[in-house]
Amino acid sequence: MEGHEGERLCGKWRVACGLYSYNLRDVFTWHLLKTVVMGQVLSLLICGTAVSCQYLVDAKVETPMLQSFLNYALLLLFYTTILVARKGERNIVQILKTKWWKYLVMGLADVQANYAVVKAYQFTTLTSIQLLDCFVIPVLMLLSWFFLKTRYRPVHFVAVTVCLLGVGAMVGADILAGRDQGSTSDVVLGDGLVLLSAGLYAVSNVCQEHTVKNRSRVEFLGMMGLFGTLISGIQLVALETSAVAAIKWDVRISTLFAVYALCMYALYSFMPVVVKMTSATAVNLSLLTADLFSLFCGLFLFHYKFSALYIISFVVITVGFIMFNTVPTYTALPEGEPADDCPAESPSDRLLPADGDAPRSETLTAVAAL
């Protein structure tokens, strides 16, 4: 009897920690492969925006709000138009009647996050930005815990730690290569802007995950296009009128703006798909490799100095990302709500059996008893 009780407690502990007796087929699934590949596609798109931004900065063009405005305008033209053409409850008029303030908050958070992190480069160093920008992950996990009722297991925290160690290796490689770029005119202000940006990104990403999993991807992007265009347009007129007037437009500058806007548009369009498959936290972990892709491009385009730590960093971040996605998170049921009333779960919320032949219902029961 005591042996059976010990096995039961051990099984509950393994379920809580996310430690299962996996076969390789249980771990390396097509879903995991698609998640990894799609996450790296997002990183490549961010790399495209970073490279085009670098060329614009080299050309003495510093108009972050104009660049954001072009992205939101593209979302407005495509996705908001779809919402306008819809009928019934999913029409844009009905959405605005009931949820306008929620999407206004989401748009404000997203626009200001984009602006704050670009502005930070004027006051602090690249190293500080790379390190402090990771603050988005713990904030996002905290917000997801309280507002989305997402529950993490110890293995998820280990995976996040592994990813952050990979970022540390990348920053170390930057320092050894002498790439501590940026400014030191007001480090405290710059670091504060990065932390503010990380917090706002977390708010925006939590709103995105909730919307795409409970409403629709088109509704999220349509509302983001509407309010993002409105907010960034007002700030563009207020902050960058003279900077835009000073741009010496030619084919090269126009092409760089077009590349940036198209990469951002593709990023915003594609990211909700990956968020729905996994979670906003998992997506942000995959985006940690974006700086590495930018560095690899910089080896050829900007003649950066190579370091083997870049390869190590990429491998470590990828391993941490795979660890995070191998053991699914789950959503806590509200108090008093029976499991049978729970809506159909998404792939990212599945719970795997504690052992190869244990039925799924036993695993759910063990989790509920914890």
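Since we're looking at a predicted model, the values are computed, not measured.

### Some details on the packing of aromatic side chains
Tallied over the full model, the rule gives 7 aromatic pairs. When the centroid spacing of 4.8 Å and the interplanar angle of 85° are considered together, the rings of Phe78 and Tyr79 count as edge-to-face. According to the relative accessible area criterion, Phe78 is partly exposed, its value standing at 44%. We classify Tyr79 as buried; its relative accessible area is 4%. Here Tyr152 and Phe324 contribute two aromatic rings whose centre-to-centre distance is 6.3 Å and whose plane-to-plane angle is 50°, an arrangement assigned as tilted. Taken together, the residues span a long stretch of sequence, with Tyr152 in the loop between strand 1 (150-151) and helix 8 (154-176) and Phe324 in helix 15 (residues 308-326) at a distance of 172 residues. Of the two residues, Tyr152 and Phe324, neither departs from the other in class, the shared state being buried. The ring of Trp145 carries the charged tip of Arg151 above its face, separated from the ring centre by 4.1 Å.

### A short note on the environment of Ser286
Its place among the elements puts Ser286 in helix 13 (residues 280-286). For the pair Ser286 and Val37, spaced 249 residues apart in sequence, the C-alpha separation works out to 9.5 Å. Those residues in contact with Ser286 that sit more than four places away from it in its chain are Gly39, Gln40, Ser43 and Phe321. Only 2.6 Å separates the side chain of Ser286 from the backbone oxygen of Val283, close enough to count as a polar contact.

### Remarks on the side chain of Thr49
Within the fold, Thr49 resides in helix 3 (residues 30-58). When residues no more than four places from it in sequence are discounted, the contact partners of Thr49 are Tyr260, Cys263 and Met264.

### Points about the confidence of the model for the chain
Confidence in the prediction for the chain averages 79 pLDDT; 78% of positions are at 70 or higher. For the chain, per-element mean pLDDT is lowest for helix 16 (residues 360-369), which scores 35, and highest for helix 10 (residues 217-239), which scores 95. Note that residues 15-19 has pLDDT below 50 and, in this model, 17 contacts with residues that lie over four places away or in other chains. Note on residues 335-370: pLDDT under 50 across the span, and 48 contacts to partners over four residues away in sequence or across chains.

### Topic: a nonpolar patch on the surface
Judged by side-chain polarity, Trp30, Leu33, Val37 and Val41 come together as a nonpolar surface patch covering roughly 410 Å² of accessible area. In this structure, Val37 sits in helix 3. On the basis of relative accessibility, which here comes to 45%, the residue Val37 falls in the partly exposed class.

### Digging into the packing of helix 3 against helix 14 (residues 290-301)
Their axes nearest at 8 Å, the elements helix 3 and helix 14 cross at an angle of 50°. Our classification of the angle between helix 3 and helix 14 gives oblique. For the element pair helix 3 and helix 14, the recorded crossing hand is right-handed. The residues of helix 14 that touch helix 3, namely those facing Gln40, Ser43, Leu44, Ile46, Cys47, Ala50, Val51 and Tyr55, are Ala290, Phe293, Ser294, Cys297 and Leu301. Of the residues that constitute the contact of helix 3 with helix 14, the class distribution is 10 nonpolar, 3 polar and no charged.

### A short note on the side chain of Arg151
Following the sequence through the fold, Arg151 ends up in strand 1. Side-chain polar atoms of Arg151 contact the backbone oxygen of Trp145, separated by 2.9 Å.

Cut-offs used in this document
- Residues numbered from 1 in each chain as written.
- Predicted model: local features only at pLDDT ≥ 70, side-chain atom pairs only at ≥ 80, totals over all residues.
- Heavy atoms only, no water.
- Phe/Tyr/Trp six-rings, centres within 6.5 Å; stacked < 30°, edge-to-face > 60°.
- Buried < 20%, exposed > 50% of the residue type's maximum accessible area, 1.4 Å probe, protein only.
- Helix = DSSP H or I, 4+ residues; strand = E, 2+ residues; numbered from the N terminus.
- Lys NZ or Arg CZ within 6 Å of the ring centre and 35° of its normal.
- Contact = heavy atoms within 4.5 Å.
- Polar contact = N/O pair within 3.5 Å; in protein donor to acceptor, adjacent residues only side chain to side chain.
- pLDDT = per-residue confidence, 0-100.
- Patch = residues over 30% accessible without salt bridge, like charges linked within 9 Å, V, L, I, M, F, W, Y side chains within 5 Å.
- Areas by Shrake-Rupley, 256 points an atom, 1.4 Å probe, with all protein chains shown as cover.
- Salt bridge = Lys/Arg side-chain N within 4 Å of Asp/Glu carboxyl O.
- Axes fitted to C-alpha atoms, helices over the stretch in contact; angles between N-to-C directions.
- Parallel < 35°, antiparallel > 145°, perpendicular 65-115°, else oblique.
- Left-handed = near helix turned anticlockwise from the far one by under 90°.
- Nonpolar A, V, L, I, M, F, W, Y, C, P; charged D, E, K, R; others polar.

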